[in-house]
Amino acid sequence: MVAQLGLAQRVEQRIQRARAAQLDEQLGGLAPPRRRPTSFAQPAPALVACLGRFMSYAAAEALTVQGNEAFVREDFASAAVCFERACTVYPQHPVAWKGLGHALLSQGRSNEAARAFDRAIGLRPTSATALWGGAIAHADLGHALVAKNYLGRALALQPSWRELAFGVPQLAPLMQLSAHAGDLLRRALGAFSTRSFKHAMD
């Protein structure tokens, strides 16, 4: 807040100096001499850009809070609108993308939800809830490899969700396939070897 006030004061000083320079030109140099302007640590464009990014992030945060409130009320259409606006204002906001994915998935819009979750995961790869939602959205679309990848990563982050996954219709087949594949591999290869590998091709 102090930095914003300082910025506003410096901008106001620049405006006053510009007006004084205009007045000097109009009076033909008859105005009394003024002190030379002091230099700033940063040029004005950099300050303005920094302030713009801060304001965009703050606006995206506010929209994300509104989206979460609408989602809790199960007003998924309004939630999606809020999250989408947040993503537009500040595209690097992973929570807004994740919220958008959940809101779209709750409306049965799996294709759009999958894209939103992909973006959220790209921005924050360790978000277990984004990975979980992405797994469901991609499973809905028949993208089994992507869904399985996301589900595996989500369960690695949150192992306690394994039982939940069996209860989700889209994820249960992936869990059963994973368990079946593990059984087949154990039968084919036997118990895991404890010997140390001596060569790269062992």
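Draft legend 1. Geometry of the environment of Gln107. One can find Gln107 in the loop between α4 (94–106) and α5 (110–123). Taking relative accessible area as the criterion, Gln107 reaches 31% and is therefore assigned partly exposed. Spatially, the C-alpha atom of Gln107 lies 9.8 Å from that of Asp75, the residues being 32 residues apart in sequence. Within polar-contact distance, the side chain of Gln107 engages the backbone oxygen of Ala103 at 3.2 Å.

Draft legend 2. Geometry of the packing of helix α3 (residues 76–89) against α4. The interhelical angle for the contact between α3 and α4, taken along N-to-C directions, is 150°, at an axis separation of 8 Å. For the element pair α3 / α4, the angle class is roughly antiparallel. Crossing handedness for the pair α3 and α4: left-handed. Here Phe76, Ala79, Ala80, Phe83, Glu84, Ala86 and Cys87 of α3 lie close against α4, whose contacting residues are Ala96, Trp97, Gly99, Leu100, Ala103, Leu104 and Ser106. The residue makeup of the contact of α3 with α4, split by class, is 11 nonpolar, 2 polar and 1 charged.

Draft legend 3. How the structure looks around empty space enclosed by the protein. Summed over all chains, the structure comprises 1 cavity of 30 Å³ or more. Size it by volume and the largest cavity reaches roughly 40 Å³. In terms of lining residues, the largest cavity is bounded by Pro94, Val95, Lys98, Ala120, Arg124, Ser127 and Ala130. With 3 residues, the top contributor of residues to the lining of the largest cavity is α4. Grouping the amino acids of the lining of the largest cavity by side-chain chemistry returns 4 nonpolar, 1 polar and 2 charged.

Rules behind the numbers
Residues numbered from 1 in each chain as written. Predicted model: local features only at pLDDT ≥ 70, side-chain atom pairs only at ≥ 80, totals over all residues. Heavy atoms only, no water. Helix = DSSP H or I, 4+ residues; strand = E, 2+ residues; numbered from the N terminus. Buried < 20%, exposed > 50% of the residue type's maximum accessible area, 1.4 Å probe, protein only. Polar contact = N/O pair within 3.5 Å; in protein donor to acceptor, adjacent residues only side chain to side chain. Axes fitted to C-alpha atoms, helices over the stretch in contact; angles between N-to-C directions. Parallel < 35°, antiparallel > 145°, perpendicular 65-115°, else oblique. Left-handed = near helix turned anticlockwise from the far one by under 90°. Contact = heavy atoms within 4.5 Å. Nonpolar A, V, L, I, M, F, W, Y, C, P; charged D, E, K, R; others polar. 1 Å grid on protein atoms, 1.4 Å probe; cavity = no way out; pocket = protein on both sides within 12 Å on 5 of 7 lines; lining within 4 Å. Points joined across faces, edges and corners; volume = space filled by probe spheres on them.

Note that every value here comes from positions in space, so none of it alone points to a role or purpose.
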